[in-house]
Protein chains: 2
Amino acid sequence: MAKIALLGIGTVGGGVAELLCSNAAQIAAGAGEKLELKYIMCSRAHPDNPFADKIVYDFSVIENDEEISVVAECIGGVGAAYEYVKRALLAGKNVVSSNKELIAERGMELLAIAAQKNVRLLFEASVGGGIPIIRPLTQCLAANRVDEIYGILNGTTNYILTQMFQCEQSFDTALREAQRLGYAESDPTADIEGLDAGRKICILADICFGRNVPPEKIRIRGITGITAADAVLAGRLGFTVKLLGRAKRMENRLTVYVSPHMIGEDKLLSGISGVMNGICVKGNAVGECLFYGAGAGRLPTASAVVADLIDAVRHVSDGKDPRWVEGANDLLADSDELPCRWYVRAKAGAAALERVFGGTAVTENVYSAIITQEMPRSELEDLCAGLGVEAVWPVLE
Amino acid sequence: MAKIALLGIGTVGGGVAELLCSNAAQIAAGAGEKLELKYIMCSRAHPDNPFADKIVYDFSVIENDEEISVVAECIGGVGAAYEYVKRALLAGKNVVSSNKELIAERGMELLAIAAQKNVRLLFEASVGGGIPIIRPLTQCLAANRVDEIYGILNGTTNYILTQMFQCEQSFDTALREAQRLGYAESDPTADIEGLDAGRKICILADICFGRNVPPEKIRIRGITGITAADAVLAGRLGFTVKLLGRAKRMENRLTVYVSPHMIGEDKLLSGISGVMNGICVKGNAVGECLFYGAGAGRLPTASAVVADLIDAVRHVSDGKDPRWVEGANDLLADSDELPCRWYVRAKAGAAALERVFGGTAVTENVYSAIITQEMPRSELEDLCAGLGVEAVWPVLE
């Protein structure tokens with residue numbers, strides 16, 4: 001019998017508590033022993049919660065209880081979550097976290113503490129929700145040098161883009177719909193400005209490249225500049241638009257960024273709709289792999305948290321948990337230097353775009369759009385001068 | 001320094017030897033020590049092989065060398081491979097295998113020996129080539145009851161179907177093209193009759209359900225009945241055709257089978273082309289996940305074999321390696337009892353099909369086709385009497 005403490009009883013924490021009950025036999029078989037949820041730490045009372053008898057308000061109860069071998073952090077943010085995770089690790093407890101902000105910003109420090117205390121810090125749920133991605137990277141693809149990893153990492157923005165591109169909704173209507181359905185928060189900034197995807201691609205880059213890539217060091221462009229006109233124009237050019245987090249190795253440099261991308265309709269990522277996520281990995285032996293599934297949601301995310309709990313209960317680290325160290329800053333190249341083809345939407349007519357960029361432009365009402373030749377963004381911006389350009393996004397090759 | 005013996009130097013074995021050299025630093029970092037390929041066992045001399053100095057012909061050299069901690073079996077089949085794997089396990093060595101036939105037919109017995117000898121038998125490469133699937137199932141999805149797993153498990157047949165459906169080639173032309181490109185063997189029976197996919201879905205069913213599902217107990221239908229007419233008719237009905245291995249839990253029974261399936265064009269599996277594979281898992285917490293990548297080929301398969309080598313070198317079993325026991329026979333339900341919608345191609349005209357099945361039929365030359373209501377196959381066959389039916393396949397919902 002392994003005794004667990006859960007921090008937070010919101011969407012993810014509630015899902016973890018539920019799953020530990022509903023799939024108890026399955027989980028015990030995986031862990032080799034029963035998992036008992038002993039404490040749930042909250043900041044206020046939840047008298048109607050089925051787990052109300054387990055609620056505590058003081059972290060030191062958990063910290064000082066030697067029976068607790070694993071703490072599952074489902075609070076979010078880097079305030080209290082950071083304090084409790086650090087204290088739990090220092091108290092010699094394994095920690096499981098679904099908190100992408102915490103891992104992206106403080107992962108390096110916390111993993112070092114975990115290593116020093118010989119306990120594990122696992123965070124499968126922090127990227128891609130229920131999608132298995134971190135263990136596949138560190139274990140199944142361990143024989144590969146990962147040259148590139150990118151994906152649809154934020155379900156909220158993918159839902160909005162799907163509504164815009166498949167159902168001809170405006171950005172504002174799609175956002176309100178996402179809020180009504182609980183996919184977007186009342187303040188949607190972190191999602192639509194790409195910050196959430198930025199944290200996740202930083203974690204993936206940390207793992208793949210072994211260097212700490214701080215979210216504030218990467219270029220992040222969100223989806224607020226995408227309009228109904230883009231949905232029509234991109235479709236005519238044979239593309240859809242997806243918000244991608246992307247990390248790419250280029251000789252001795254790394255590029256990590258978030259941006260809307262033009263995705264050809266022949267690519268699997270173009271078919272990933274609604275709140276689903278998809279992550280593509282390019283390894284130098286395996287070639288291209290794709291991992292697809294629910295990137296958020298109560299039970300899918302809980303599925304990943306509980307998988308980590310099972311692993312944490314099973315045994316101490318086999319030395320293969322992800323780790324990363326300082327030193328990416330000197331390696332990071334600005335993503336705008338990456339040569340690629342670009343989608344350009346402008347008020348200049350099709351003829352003007354064709355004259356400047358070659359190829360064939362398409363037109364819808366007052367806008368025309370074209371796919372350029374391959375070039376870095378600085379060169380593109382020089383060419384765009386005077387064309388009334390309102391949107392440029394890279395094409396995913 | 002861990003010393004490895006490799007059995008077989010064909011496509012996969014050659015890829016393993018190459019990868020151990022080309023990605024040596026990456027692999028050593030994963031394993032925590034260098035991996036040295038000490039022996040390669042072959043049945044004949046390979047004087048021009050870059051690893052010719054490591055070749056041995058007598059397995060007892062490997063069996064009796066206490067320095068060898070892991071044996072990688074890349075021979076294939078259940079003859080010599082079975083003998084050597086068994087002897088290696090009994091000699092207390094960890095074994096890694098890419099051999100789906102061996103694992104599907106003798107996996108239960110060999111895993112029992114491995115458990116008894118406290119060594120590991122790993123076989124990530126036996127299903128889906130380089131695609132991470134076995135660890136994701138046993139580790140990342142360990143909190144889930146897997147209710148269904150299915151996928152495109154054979155690259156040769158997917159290549160042939162892609163050529164037929166996207167390039168309008170005949171079956172015979174597509175098969176010859178696959179043989180010319182090295183995707184199909186000169187005797188293509190195991191691929192086109194579905195036997196290879198059958199072995200793989202049995203391994204996945206073994207893992208997900210914990211019961212041994214012998215390949216000879218499952219219903220297997222291959223792709224030889226698919227014609228150019230089906231490519232046209234299925235397309236008009238909004239479907240493509242893929243050969244799927246499928247294992248489904250139905251209350252207390254299991255269905256495991258291989259058959260061509262109609263796949264709606266809105267499903268990700270419909271976009272998996274050429275020799276690529278894709279495996280879909282439905283877990284009761286995570287919902288639907290998909291794993292996509294190269295299902296065969298020299299380096300992709302070697303990527304999975306070497307990942308297993310790294311794991312085998314790292315540590316002895318943590319108790320989470322897959323295992324399965326006898327007892328599926330009483331649980332196995334005939335897949336033809338599974339109610340589903342069906343694609344029916346017949347010489348009777350569209351009007352006759354519509355009269356019998358309802359809905360709207362499509363016609364191309366002498367054939368018409370329709371999608372039926374949901375029913376078990378026995379009921380379907382009664383309805384088909386007298387219609388000149390030449391093909392029926394289930395629709396994947």
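Residues numbered from 1 in each chain as written. Chains lettered and ligands numbered in written order. Predicted model: local features only at pLDDT ≥ 70, side-chain atom pairs only at ≥ 80, totals over all residues.

Enquirer: An account of the overall build of chain A is needed here, citing residue identities and associated values.
Expert: When helices and strands are tallied, chain A shows 14 helices and 16 strands. Relative to a compact globule of 397 residues, whose C-alpha radius of gyration would be 21 Å, chain A shows 22 Å and is just as compact. Each principal axis of the C-alpha atoms in chain A carries an extent, and together these give about 75 × 45 × 35 Å. Across the 397 residues of chain A, 56% fall into the buried class. The contacts of chain A with a sequence gap of at least 6 include a subset with a gap of at least 24, amounting to 74%. (Helix = DSSP H or I, 4+ residues; strand = E, 2+ residues; numbered from the N terminus. Rg over C-alpha atoms; globule rule 2.2 N^0.38 Å. Buried ≥ 20, exposed ≤ 12 C-beta atoms within 10 Å, placed from the backbone. Contact = placed C-beta atoms within 7 Å.)

Enquirer: How would you summarise the interface of chain A and chain B if you had to cite specific residues and measurements?
Expert: Taken together, the contacts link 47 residues of chain A with 46 residues of chain B. Contributing elements (two or more residues each) for the side of chain A that touches chain B: α2 (24-31), α6 (134-140), β12 (287-294) and α12 (298-314) of chain A. Of all the elements, α12 of chain A adds the most residues to the side of chain A that touches chain B, at 10 residues. Split by residue class, the side of chain A that touches chain B holds 24 nonpolar, 15 polar and 8 charged. Where β12 of chain A and strand β12 (residues 287-294) of chain B come together, 3 bridges link them in antiparallel fashion. Its bridge partner lying in β12 of chain B, Y292 of chain A is registered against L290 of chain B. (Nonpolar A, V, L, I, M, F, W, Y, C, P; charged D, E, K, R; others polar. Pairing = 2+ DSSP bridges.)

Enquirer: I'd like to hear about the domain arrangement of chain A, residue by residue, with values.
Expert: Frequently, the measure chosen for interface size is the accessible area removed from exposure when the parts meet. Residue and element names in this part refer to chain A. Domain assignment breaks chain A into domain 1 (2-132 + 299-314), domain 2 (134-294 + 330-335) and domain 3 (339-396). Placing a centre on the C-alpha atoms of domain 1 and another on those of domain 2 gives a separation of 27 Å. Of the residues lining the interface, 17 residues belong to domain 1; the matching set on domain 2 comes to 18 residues. If you tally residues by element for the side of domain 1 that touches domain 2, the top one is helix α5 (residues 100-117), at 7 residues. Partitioning the side of domain 1 that touches domain 2 into residue classes produces 8 nonpolar, 5 polar and 4 charged. (Domains from an automatic or database assignment.)

Enquirer: Explain α2 of chain A to me, and be specific about the residues and the numbers.
Expert: All names here are of chain A. All of the buried residues in α2 are Q26, I27, G30 and A31. In an axial view of α2, the angular spread of the buried residues amounts to 125°, which keeps them on one side of the axis. Looking at the packing, one finds that the buried side of α2 touches β1 (2-7), α1 (11-22), β2 (35-41) and α12. (Arc of directions from axis to C-beta.)

Enquirer: Before we move on, could you go through the relation of the copies chain A and chain B and cite the residues and values that matter?
Expert: With an RMSD of 0.0 Å, the fit of chain A onto chain B corresponds to turning through 180° and sliding 0.0 Å along the axis. Taken together, the rotation and translation describe the operation of a two-fold axis. If distances are taken from each C-alpha of chain A to the rotation axis, the shortest is found for F291 of chain A, at 2.5 Å. Mapped onto chain B, 98% of the interface residues of chain A are again interface residues, and the two copies thus contact each other with one and the same surface. (Least-squares fit on C-alpha atoms with pLDDT ≥ 70 in both.)

Enquirer: Could you give an account of the sheet that holds strand β4 (residues 68-73) of chain A, with specific residues and numbers?
Expert: All names here are of chain A. On the basis of which strands lie adjacent, the open sheet formed by 6 strands has the order β3-β2-β1-β4-β5-β6 and parallel pairing. One side of each edge strand has no neighbouring strand; the edge strands of this open sheet are β3 (55-56) and β6 (121-122). Two elements, β1 and β4, share 5 bridges in a ladder whose sense is parallel. For K3, the partnering residue across the bridge sits in β4 and is I68.

Enquirer: Help me get a handle on unusual backbone geometry, residues and values and all.
Expert: All names here are of chain B. With phi around 50°, E251 is a residue other than glycine that occupies positive phi space. Secondary-structure assignment places E251 in the loop between β9 (239-250) and β10 (253-264). Among the residues examined, E251 registers 6 C-beta atoms within 10 Å and is labelled exposed. Residues other than glycine seldom take positive phi values, yet N365 does so here, at roughly 55°. Take N365: it is sitting in the loop between β14 (362-364) and β15 (367-371).

Enquirer: Tell me about the pairing of strand β13 (residues 342-346) of chain B, residues and numbers included.
Expert: All names here are of chain B. Most of β13 is tucked away, with 5 of its 5 residues classed as buried. Of the two faces of β13, the one holding W342, V344 and A346 and the one holding Y343 and R345 are both buried throughout. Where β13 meets strand β16 (residues 389-396), 5 bridges bridge the pair, whose relative direction is antiparallel. The residue of β16 that forms the bridge with Y343 is W393. Here β13 runs beside β15; their pairing, made up of 4 bridges, is antiparallel. Among the inter-strand pairings, A346 is bridged to a residue of β15, identified as S368.

Enquirer: Would you mind going over the packing of helix α2 (residues 24-31) of chain B against helix α12 (residues 298-314) of chain B in detail, with residue names and values included?
Expert: All names here are of chain B. Between α2 and α12, the least distance of the axes is 9 Å, while the angle of their chain directions is 40°. With respect to α12, the element α2 is oriented oblique. Pair α2 / α12 crosses with right-handed handedness. Across the interface between the two elements, I27, G30 and A31 from α2 touch V306, I310, V313 and R314 from α12. (Axes fitted to C-alpha atoms, helices over the stretch in contact; angles between N-to-C directions. Parallel < 35°, antiparallel > 145°, perpendicular 65-115°, else oblique. Left-handed = near helix turned anticlockwise from the far one by under 90°.)

Enquirer: Could you give an account of the environment of A234 of chain A, with specific residues and numbers?
Expert: All names here are of chain A. Mapped onto the secondary structure, A234 falls in helix α11 (residues 228-236). A count of 25 C-beta atoms within 10 Å places A234 in the buried class. As a C-alpha pair, A234 and S335 span 101 residues in sequence and 22 Å in three-dimensional space.

Enquirer: Describe in detail the sheet that holds strand β1 (residues 2-7) of chain B, supporting the description with residues and values.
Expert: Residue and element names in this part refer to chain B. Here we have 6 strands laid out as an open sheet, ordered β3-β2-β1-β4-β5-β6, and parallel in their pairing. Both outer strands of the open sheet, β3 (55-56) and β6 (121-122), are each paired with one neighbouring strand and no more. The strands that helix α1 (residues 11-22) touches are β1, β2 (35-41) and β4 (68-73); relative to β2, the one it contacts most, it runs at about 155°.

Enquirer: Please set out helix α7 (residues 155-166) of chain B residue by residue, giving values where relevant.
Expert: Residues and elements named next belong to chain B. The terminal C-alpha atoms of α7, which comprises 12 residues, lie 16 Å apart, in line with the 16 Å expected from a rise of 1.5 Å per residue. For α7, a buried count of 10 out of 12 residues is recorded, marking the element as mostly surrounded by other parts of the structure. Buried within α7 we find G155, T156, T157, N158, Y159, I160, L161, Q163, M164 and F165. Once α7 ends, the next one or two residues include E168, with phi positive near 55°. (Expected span 1.5 Å × (residues − 1).)

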